[in-house]
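What the coordinates show
Listed here are the chains, written in short residue letters.
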Amino acid sequence: LRIKTWPGGSGVASDITYENGQMEDVSNPKIINQFYCETVDTGSGCKSQSSAVKISNVEYSNIRGTTPTEDGITLSCSQSGSCMGIKMENIVLVTGSGAQASCNAQNVQGGNSIPSRCLGNNGQ
């Protein structure tokens, strides 16, 4: 369940719902990535940009399953404040060992309902 945008992109991705999903052995099952770019051809990393596609009103509800990686939820949002209104309800993702998968959020702005374990020092 992924939303990926290129750095420096423009436009809007909003009012998106992922509901009643079952994940079976899925690597990195839930991602919002505003830093997606192809580095294979150029050999260089993503260039920092001041703009990003606005992502808002995204809801994940009743998502369950397993992942072979520790990363269950990754929200990597631009510092431009372009991720708002991200909501998560009834999310149960576990690793192959049965441990709860990790959750990390960076630069997610107000109006969210995200598990507190996701926010760390970078989320809001």
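Scoring rules and cut-offs
- Residues numbered from 1 in each chain as written.
- Predicted model: local features only at pLDDT ≥ 70, side-chain atom pairs only at ≥ 80, totals over all residues.
- Heavy atoms only, no water.
- Disulfide = S-S within 2.5 Å.
- Buried < 20%, exposed > 50% of the residue type's maximum accessible area, 1.4 Å probe, protein only.
- Core = buried A, V, L, I, M, F, W, Y, C linked by side-chain atoms within 4.5 Å.
- Helix = DSSP H or I, 4+ residues; strand = E, 2+ residues; numbered from the N terminus.
- Contact = heavy atoms within 4.5 Å.
- Pairing = 2+ DSSP bridges.
- Axes fitted to C-alpha atoms, helices over the stretch in contact; angles between N-to-C directions.
- Phe/Tyr/Trp six-rings, centres within 6.5 Å; stacked < 30°, edge-to-face > 60°.
- Lys NZ or Arg CZ within 6 Å of the ring centre and 35° of its normal.

Moving on, we get to the state of the cysteines. Under the defined criterion, the tally for this structure stands at 1 disulfide. Note that cysteine 77 is cross-linked by a disulfide to cysteine 83, the S-S spacing being 2.1 Å. A torsion of -90° about the S-S bond marks the disulfide between cysteine 77 and cysteine 83 as left-handed. Note on accessibility: cysteine 77 and cysteine 83 belong to one class, buried.

To continue, consider the nonpolar core. Nonpolar side chains tend toward joint burial in soluble globular proteins. Core analysis: the biggest nonpolar cluster contains 24 residues, and Ile32, Ile55, Tyr60, Leu75, Ile86 and Met88 have the highest contact counts within it. Every element with two or more residues in this core is listed here: strand 2 (12–23), strand 4 (54–67), strand 5 (71–76), strand 6 (83–95) and strand 7 (102–106). With 5 residues, the single largest contributor to this core is strand 6. Those residues within four positions of leucine 75 in sequence are excluded, and the remaining contacts are Ile32, Ile86, Met88, Asn104, Ala105, Gln106, Val108 and Ile114.

As a general point, the strands of a sheet are linked pairwise by backbone hydrogen bonds and lie either parallel or antiparallel. Strand order in this open sheet of 4 strands is 1-3-5-7, and the pairing throughout is parallel. With partners counted over all chains shown, the strands left at the sheet margins are strand 1 (2–4) and strand 7, one partner each. The average angle at which neighbouring strand axes cross in this sheet is 10°, direction not considered.

Below, the discussion takes up the environment of isoleucine 86. For isoleucine 86, the position within the fold is in strand 6. When its relative accessible area of 0% is taken as the criterion, isoleucine 86 is described as buried. Sequence separation of isoleucine 86 and isoleucine 55 is 31 residues, and the distance between their C-alpha atoms is 8.6 Å.

What follows concerns the packing of aromatic side chains. Within this structure, the stated rule accounts for 1 aromatic pair. On the numbers, 5.1 Å between centres and 15° between planes, the contact of tyrosine 18 with tyrosine 60 is stacked. Of this pair, tyrosine 18 sits in strand 2 while tyrosine 60 sits in strand 4, placing them 42 residues apart in sequence. In this structure tyrosine 18 comes out as buried when scored by relative accessible area, which is 18%. The ring of tyrosine 60 has lysine 30 lying over it, and the distance from NZ or CZ to the ring centre is 4.1 Å.

Relative to the helices and strands, valine 94 resides in strand 6. Between the C-alpha atom of valine 94 and that of threonine 69, which follows or precedes it by 25 residues, the distance is 9.1 Å. Among residues more than four places away in sequence, those in contact with valine 94 are Gly65, Thr66, Thr67, Ala99, Gln100 and Ala101.

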